[in-house]
Amino acid sequence: MCSSDLGEIDRRTKARRTTLAGYLEGVLGRDTNVNNATSLSSVNVPLFGLSFQLAPTSIKAPDNYMIGGGGMEVTSSVTNAASVFAGIDYRQRVNQRQDTFDYNKYDGRVGVQYALDRNTYRMALSYGQYYLDHSYNYENHGFSVEWRRAIDDRNTASVFGLHNRLRFPDPTLQANNVNQPVIGVSWLRALNPAGSTFVNGSTYYGYERDTDSRVDGDRKFWGVKALAQHGFDEKLDVRSEEHTSELQSHHDLVC
């Protein structure tokens, strides 16, 4: 067997491999809408000519917060271009003042990925459990798709969409069940040739479709996120993150 044949076998063997990646994170930040609530103090119901005053916990409130967490993902190549993956993440958030909105959550995912030239396509199924103020609050079933394109050696753009089903096991909370479609775009810019220092910005828009007669009905939401990260070596990265979000009652929409 000639050396070129051995080289080709080695290349294919390396391409079809299984890798494991993990991370730990710590975040300090400020949220302009820590409780994911509307900015309105009341909700009008034109059909009955009534107006409902919302409780303080149902009106948006800003706060500083800390987040700690980690996760891992295993990826196995099926062909030179296609791979399958599975991962799990854990995250806990502690707010400075609004401690009733402290949370911790678990999220798992399985999916497939396909890379072709400068394009990467990714699809995944996900499941998660969310605990609010240390009490089991809801579970999430989701499906996501993403298209990433490397514009050049330093710029990558992506378009993503997902659909979540939020379900509250507690019968007293099931009126909060919603279906949640989301779409968004993202841009990543590497600031050095090695790609160890980069900035990333993304924006998204979504809609909460009420399924169980929630008192404030359907709602739209949006968010903007900015991230800067610098890698000192293969094991240590430092990043700064800014995230602003808004939730708005559907009664402000023009249909």
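Above: the structure in question.
Here we summarise the structure given alongside this text. Sequence order as written defines the numbering, with residues in each chain counted from 1. Given that this is a predicted model, residues contribute local features only at a pLDDT of at least 70 and side-chain atom pairs are listed and counted only at 80 or more, while totals for whole chains, interfaces and linings are drawn from all residues. As a rule here, side-chain values come from all non-hydrogen atoms in the structure, and water together with hydrogens is ignored.

1. Describing the packing of aromatic side chains
For any pair of aromatic rings, geometry is given as the distance between the ring centres together with the angle between the planes. Only rings of Phe, Tyr and Trp enter the pairing, Trp through its six-membered ring, and a pair is recorded when the two centres are within 6.5 Å. The plane angle decides the type: under 30 degrees is stacked, over 60 is edge-to-face, the rest tilted. Per the counting criterion, the structure on display carries 7 aromatic pairs. Here the aromatic rings of Tyr 90 and Tyr 106 are separated by 5.0 Å at their centres, their planes lie at 50°, and the arrangement is tilted. Of this pair, Tyr 90 sits in strand S5 (residues 82-95) while Tyr 106 sits in strand S6 (residues 103-116), and the two are 16 residues apart along the sequence. Residue Tyr 106 is classed as partly exposed on the basis of its relative accessible area, which comes to 39%. Taking 6.1 Å as the distance between ring centres and 80° as the angle between the ring planes, the aromatic pair formed by Tyr 106 and Tyr 131 counts as edge-to-face. Of this pair, Tyr 106 sits in strand S6 while Tyr 131 is found in strand S7 (residues 119-132), placing the two residues 25 residues apart along the sequence. Either the NZ atom of lysine or the CZ atom of arginine qualifies as a charge over a ring when it sits within 6 Å of the ring centre and within 35 degrees of the ring normal. Taking NZ or CZ as reference, Arg 93 lies 4.0 Å from the ring centre of Tyr 65, over its face. Only runs of H or I of at least four residues qualify as helices and only runs of E of at least two qualify as strands under DSSP, and these elements are numbered from the N terminus. Working definition: with a 1.4 Å probe on protein chains only, accessible area under 20% of the residue-type maximum means buried, over 50% means exposed, and in between means partly exposed.

2. Looking at a nonpolar patch on the surface
Patch membership needs two things, relative accessible area over 30% and no salt bridge, and members are linked within 9 Å if like-charged or within 5 Å if nonpolar (Val, Leu, Ile, Met, Phe, Trp, Tyr). Note on areas: Shrake-Rupley with a 1.4 Å probe; residue coverage comes only from the protein chains shown. Whenever a carboxyl oxygen of Asp or Glu lies within 4 Å of a side-chain nitrogen of Lys or Arg, that contact is scored as a salt bridge. Together, Val 78, Val 84, Val 110, Val 112, Met 123, Leu 125, Phe 143 and Val 145 make up a nonpolar patch on the protein surface, roughly 630 Å² of accessible area in all. For the nonpolar patch, the secondary-structure elements that each account for two or more residues are S6, S7 and strand S8 (135-150). Within the fold, Val 145 resides in strand S8. Look at Val 145 and you get partly exposed, because its relative accessible area is 34%.

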